[in-house]
Amino acid sequence: MNPFTDLLHRVALLVLTPKCYEVFFYDLDFFNGTCIRSALSKGLGFGIVGGSLLVKLPQVIKVWQSKSAVGISLVNVCMDLFAVTANVVYSYSSQFPFSSWGDSLFILFQTLLIVILVFYYNISKRAASAFAFIYCSLLFLLVSDIVPNSFLWNAQFISIPLMFYGKMTQGYVNYQNKSTGQLSMATCILLFLGSSVRVFTSIQETGDSLLIWSFALASFANFIIVTQFYCYKSGSPVKTKKKTKKSKRS
């Protein structure tokens, strides 16, 4: 095998199974539906993993530059962190392909940073430090072999309604404020697109109903928040007119 063919083989196997590689390159069956869906799922999966490196960066930058977390629901970001943590730990322990959950790993670290910033600006620096230490300790425990798989499955199951509740809480906060506050539109749109694609890749690569339902509900909730950016086009809370007291005539 010459170097070029060997390189092509290695690259192709990133998105193709060995069987599909033979179907495409030996049998020349380029319209095999099963292999096309498999390759598309793998390609989209790696694409989402790459994109996830920056998906929440706009949100982090917006909070950091404004030195404010006004309008960001602490309940929502904590539920997001719980959900993505459960997803990573469950997928890792189940030995699912990295292309099916790698994005969750990068989103986990970005979400953790957002939670720490919300604690820092909305509560205190000490609370932010304490939360970071406790969370990292628990994460280390969860990825070890000490925790049984049944516990991780239950955690993933519980994370679905909690994640949905958290996002609905953020939606309600937006509704009350008639504004999306310090939320980043770019981040919310990317989250919606990513969770929508993950429904397809989860069906193709894992077939796990828990992951499929998790991403389906996340897509619905993310869609609601994205639409609020168009309902409340102003990036800051709506200012109410101050009532002026009429001076009494003497």
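On a predicted model such as this, the values are computed, not experimentally measured, just so you know. (Residues numbered from 1 in each chain as written. Predicted model: local features only at pLDDT ≥ 70, side-chain atom pairs only at ≥ 80, totals over all residues. Heavy atoms only, no water.)

**Points about the overall build of the protein chain**
Scanning the protein chain from terminus to terminus reveals ten helices and zero strands. Moving toward the C terminus, one meets the helices and strands of the protein chain in the order α-α-α-α-α-α-α-α-α-α. Taken across its 250 residues, the protein chain has 41% of its residues classed as buried. Once local pairs closer than 6 in sequence are excluded, the contacts in the protein chain between residues at least 24 apart make up 78%. (Helix = DSSP H or I, 4+ residues; strand = E, 2+ residues; numbered from the N terminus. Buried < 20%, exposed > 50% of the residue type's maximum accessible area, 1.4 Å probe, protein only. Contact = heavy atoms within 4.5 Å.)

**Some points on the UniProt feature "transmembrane region" (unreviewed entry) in the protein chain**
What UniProt calls "transmembrane region" (unreviewed entry) maps, in this numbering, to residues 39-57, 69-92, 104-123, 130-147 and 210-232. The span residues 69-92 is 79% helical and 0% strand by assignment, and the distance between its end C-alpha atoms comes to 32 Å. Secondary structure content for residues 210-232 is 96% helix and 0% strand, while the C-alpha to C-alpha distance between its ends is 33 Å. (UniProt positions renumbered as here; feature names shortened; annotations may be inferred.)

**A word on the nonpolar core**
Of all hydrophobic cores here, the largest spans 37 residues; its most connected members are I72, V77, L81, L108, V118 and Y135. For this core, the secondary-structure elements that each account for two or more residues are helix 4 (57-66), helix 5 (74-93), helix 6 (102-122), helix 7 (125-142), helix 8 (149-177), helix 9 (185-205) and helix 10 (209-231). When residues in this core are grouped by element, the largest group, eight residues, is from helix 6. (Core = buried A, V, L, I, M, F, W, Y, C linked by side-chain atoms within 4.5 Å.)

**Notes on unusual backbone geometry**
Even without a glycine there, the phi angle at K67 is positive, about 55°. Within the secondary structure, K67 is located in the loop between helix 4 and helix 5. With a relative accessible area of 48%, K67 lands in the partly exposed category. Here Q95, not a glycine, exhibits a phi torsion of approximately 60°, which is positive. Considering the arrangement of structural elements, one finds Q95 in the loop between helix 5 and helix 6. On the accessibility criterion, Q95 (72% relative accessible area) is exposed.

**Brief notes about a nonpolar patch on the surface**
Taken together, the side chains of F133, I134, L138, L141 and I146 define a hydrophobic patch exposed on the protein surface, amounting to about 540 Å² of accessible area. Tracing the chain through its elements places F133 in helix 7. The exposure class of F133 is exposed, given its relative accessible area of 62%. (Patch = residues over 30% accessible without salt bridge, like charges linked within 9 Å, V, L, I, M, F, W, Y side chains within 5 Å. Areas by Shrake-Rupley, 256 points an atom, 1.4 Å probe, with all protein chains shown as cover. Salt bridge = Lys/Arg side-chain N within 4 Å of Asp/Glu carboxyl O.)

**Section: the packing of helix 5 against helix 10**
Packing of helix 5 against helix 10 brings their axes to within 12 Å, and their N-to-C directions diverge by 155°. With respect to helix 10, the element helix 5 is oriented roughly antiparallel. Relative to helix 10, helix 5 is oriented so that their crossing is left-handed. Between helix 5 and helix 10, the residues in contact are N87, Y90 and S91 and L210, L211 and F215, respectively. (Axes fitted to C-alpha atoms, helices over the stretch in contact; angles between N-to-C directions. Parallel < 35°, antiparallel > 145°, perpendicular 65-115°, else oblique. Left-handed = near helix turned anticlockwise from the far one by under 90°.)

**So, helix 9**
The terminal C-alpha atoms of helix 9, which comprises 21 residues, lie 30 Å apart, in line with the 30 Å expected from a rise of 1.5 Å per residue. Within the sequence span of helix 9, burial applies to T187, C188, L191, G194, S195, R198, V199, T201, S202 and E205. (Expected span 1.5 Å × (residues − 1).)

**With respect to the pattern of salt bridges**
Throughout the structure, instances matching the rule amount to two salt bridges. For D80, the salt bridge is made with K167, and the minimal N-O distance between the two is 3.4 Å. Taken as a pair, D80 in helix 5 and K167 in helix 8 lie far apart in primary sequence, 87 residues in all. Residue classification places D80 among the buried residues on the basis of a relative accessible area of 12%. Where D103 meets R198, a salt bridge forms, and the shortest distance between an N and an O atom there is 2.7 Å. Separated by 95 residues along the polypeptide, D103 in helix 6 and R198 in helix 9 bring together distant segments of the chain. Residues D103 and R198 agree in their burial class; the two are buried.

**With respect to the side chain of N222**
Tracing the backbone through its elements, the reader meets N222 in helix 10. Every residue in contact with N222, bar those within four places of it in the chain, is listed here: K167, L191, F192 and S195.

**Considerations on the packing of helix 5 against helix 8**
In the contact formed by helix 5 and helix 8, the axes pass within 8 Å of each other and the chain directions differ by 150°. Accordingly, the angle class assigned to the pair helix 5 and helix 8 is roughly antiparallel. The handedness of the crossing between helix 5 and helix 8 is left-handed. For the contact of helix 5 with helix 8, the per-class residue count stands at 14 nonpolar, nine polar and two charged. (Nonpolar A, V, L, I, M, F, W, Y, C, P; charged D, E, K, R; others polar.)

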